[in-house]
Amino acid sequence: MADLVTHVCAVLLPGVLVRSRALGLVAVGTVLPDALGRAVPMALEIAQDNGVGIPDPVIWSFGAFHSPAGLLLASASLSQSFVKGQRTEAFIALTIGAAVHVLIDLLQYHHGRGYPLLAPFSWETYEIGVIGSEVTVDLALPLLAVTAALWAIRLGIRFWRQRNRSESTS
Amino acid sequence: MNVKPTSTSSVLQVGPIFGLLALLLAWSWATETGRIGYRGIREAPPGTEHVLSLFTVTRVDPGGYRLTRGNLNFDVVANPTGLETGQEVTTLVLIDPGGRLVEQWREEAPQRDGKKRLGVLGLVLAGGVALLTLRVGRKGVIIRG
């Protein structure tokens, strides 16, 4: 499974400058590809190793959730669980988050074993491959600390402004 | 008040689920037939090269080692000096005329455990963000920002 801290921070860090209620959902969208396409099959493999009769093809099929087509369909399905007026917003937010994840993964170099971006129409794999697959491991926690600090400042300023406003009106 | 779903909203609700089921089946078929993944290496002709990316070493012998990912195992002919079971490696193999996988080069991935831990931490972080920014109402999930 990938370093999801970097993926989440890739949305939350620039998100400090963005005013959108859907930002959190975009961040959630960044973990969708690995949550559904990696963590679920890993859990099924563990269950299989412990004697649960799960056929291999069922486990393999979850790889589809790491493809653009699978993520679009998963985002569309999940967005239907939102209240009526917010479904389009939820779909767009989840899709943007998932797209950020796929883009970051594409940047990683896997010796030509990339991702089948056009599946199921083509099984050709693609990768941009400009960074090593483990290069983010040392950066993740400092990135998380910077992101948390900037959000603490943003939320602190908002709290301070609200307090000032309520004091001036009372 | 009960509102009957329109045919459009029904399609929007059910369509993606059927689409997903079709895609999962297609993915399973593509993996089974070797179009994606590593199963196709078993039927690959001699003289071809293949990358086994991020496999776990599950056995080390004097003349080689075994790589495992899920239920898939490959025995690789190589000098296994410095290799230990449990390590994750990426290996380029050449299929020789006897059908054996002969290592051309090998790259260790020493930070895979750290990456997995960051994966779990990222899931927890996303869960926290979801708890702070979403709410479950009677008519569905609500984005509260």
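Structure report, in brief.

What counts and how
Residues numbered from 1 in each chain as written. Chains lettered and ligands numbered in written order. Predicted model: local features only at pLDDT ≥ 70, side-chain atom pairs only at ≥ 80, totals over all residues. Heavy atoms only, no water. Core = buried A, V, L, I, M, F, W, Y, C linked by side-chain atoms within 4.5 Å. Buried < 20%, exposed > 50% of the residue type's maximum accessible area, 1.4 Å probe, protein only. Helix = DSSP H or I, 4+ residues; strand = E, 2+ residues; numbered from the N terminus. Contact = heavy atoms within 4.5 Å. Salt bridge = Lys/Arg side-chain N within 4 Å of Asp/Glu carboxyl O. Buried area = accessible area lost by both parts, 1.4 Å probe. Polar contact = N/O pair within 3.5 Å; in protein donor to acceptor, adjacent residues only side chain to side chain. Pairing = 2+ DSSP bridges. Phe/Tyr/Trp six-rings, centres within 6.5 Å; stacked < 30°, edge-to-face > 60°. Lys NZ or Arg CZ within 6 Å of the ring centre and 35° of its normal.

## With respect to the nonpolar core
So, step 1. Counting residues in hydrophobic clusters, the biggest one holds 29 residues, and the most contacted among them are Val8, Leu12, Leu25, Ala27 and Phe82 of chain A together with Leu134 and Ile143 of chain B.
So, step 2. At the level of secondary structure, the elements contributing two or more residues to this core comprise helix H1 (4-15), helix H2 (23-49) and helix H5 (87-107) of chain A together with helix H2 (112-133) and strand S7 (140-143) of chain B.
So, step 3. Per-element tally for this core: the top contributor is H2 of chain A, with seven residues.
So, step 4. Among all residues touching Leu134 of chain B, those that are not within four sequence positions of it are Leu25 and Phe82 of chain A together with Val141, Ile142, Ile143 and Arg144 of chain B.
So, step 5. Leu52, Leu67, Phe74 and Leu101 of chain B belong to the second largest nonpolar core, which has 17 residues in total.

## Remarks on the pattern of salt bridges
In a structure, side chains of opposite charge can pair up when their charged atoms sit close to one another.
All names here are of chain B.
So, step 1. Tallied over the entire structure, the rule returns nine salt bridges over all chains.
So, step 2. Of the charged contacts in the structure, one is a salt bridge between Arg100 and Asp96, with a shortest N-O distance of 2.9 Å.
So, step 3. Residue Arg100 is classed as partly exposed on the basis of its relative accessible area of 48%.
So, step 4. Connected via shared salt-bridge partners are Arg59, Asp61, Arg66 and Asp75.

## Quick look at unusual backbone geometry
So, step 1. The omega torsion of the bond from Ala119 of chain A to Pro120 of chain A falls at 10°, within 30 degrees of zero and hence cis.
So, step 2. As for its placement among the helices and strands, Pro120 of chain A is situated in the loop between strand S1 (108-109) and strand S2 (131-132).
So, step 3. If you check the backbone angles, Leu54 of chain B has positive phi at about 55° while not being a glycine.
So, step 4. As for its position among the elements, Leu54 of chain B is in strand S1 (residues 49-61).
So, step 5. Residue Leu54 of chain B is classed as buried on the basis of its relative accessible area of 11%.

## Section: the interface of chain B and chain A
So, step 1. Chain B puts 54 residues into the contact, and the matching count from chain A is 56 residues.
So, step 2. Taken over both partners, the interface formed by chain B and chain A buries close to 4600 Å², and the fraction arising from carbon and sulfur atoms is 70%.
So, step 3. Contact with chain A buries surface across chain B, with Trp27, Lys115 and Ile143 of chain B losing the most and accounting together for 17% of the total.
So, step 4. Applying the counting rule to chain B against chain A returns zero salt bridges.
So, step 5. Across the chain B-chain A interface, the total number found is 14 residue pairs in polar contact (both at pLDDT 80 or more).
So, step 6. Every element with two or more residues in the side of chain B that touches chain A is listed here: helix H1 (7-32), S1, strand S5 (101-108), H2 and S7 of chain B.

## Overview of the pairing of S5 of chain B
All names here are of chain B.
So, step 1. Of the strand pairs in this sheet, strand S3 (residues 72-77) and S5 are connected by two bridges, and their pairing is parallel. Across the sheet, Val77 pairs through a bridge with Val102, a residue of S5.
So, step 2. In this structure, the hairpin formed by strand S4 (residues 88-95) and S5 is closed by a connection of five residues, where Gly99 is found at a positive phi of approximately 85°.

## Brief notes about the packing of aromatic side chains
So, step 1. Summed over all chains, the structure comprises four aromatic pairs over all chains.
So, step 2. With a centroid separation of 5.4 Å and 75° between ring planes, the pair formed by Trp123 of chain A and Trp27 of chain B is classed as edge-to-face. Note that Trp123 of chain A is positioned in the loop between S1 and S2 and Trp27 of chain B in helix H1, a pairing that runs across two chains. When sorted by exposure, Trp123 of chain A lands in the same class as Trp27 of chain B, which is buried.
So, step 3. Relative to Phe55 of chain B, the ring of Tyr38 of chain B has its centre 4.8 Å away and its plane inclined at 90°; by these criteria the two rings are edge-to-face. Taken together, the residues span a long stretch of sequence, with Tyr38 of chain B in the loop between H1 and S1 and Phe55 of chain B in strand S1 at a distance of 17 residues.
So, step 4. An aromatic cluster is built from Tyr38, Phe55 and Phe74 of chain B, whose rings are joined through pairwise contacts.
So, step 5. The ring of Phe74 of chain B is capped by Arg42 of chain B, whose NZ or CZ atom sits 4.8 Å from the centre of that ring.

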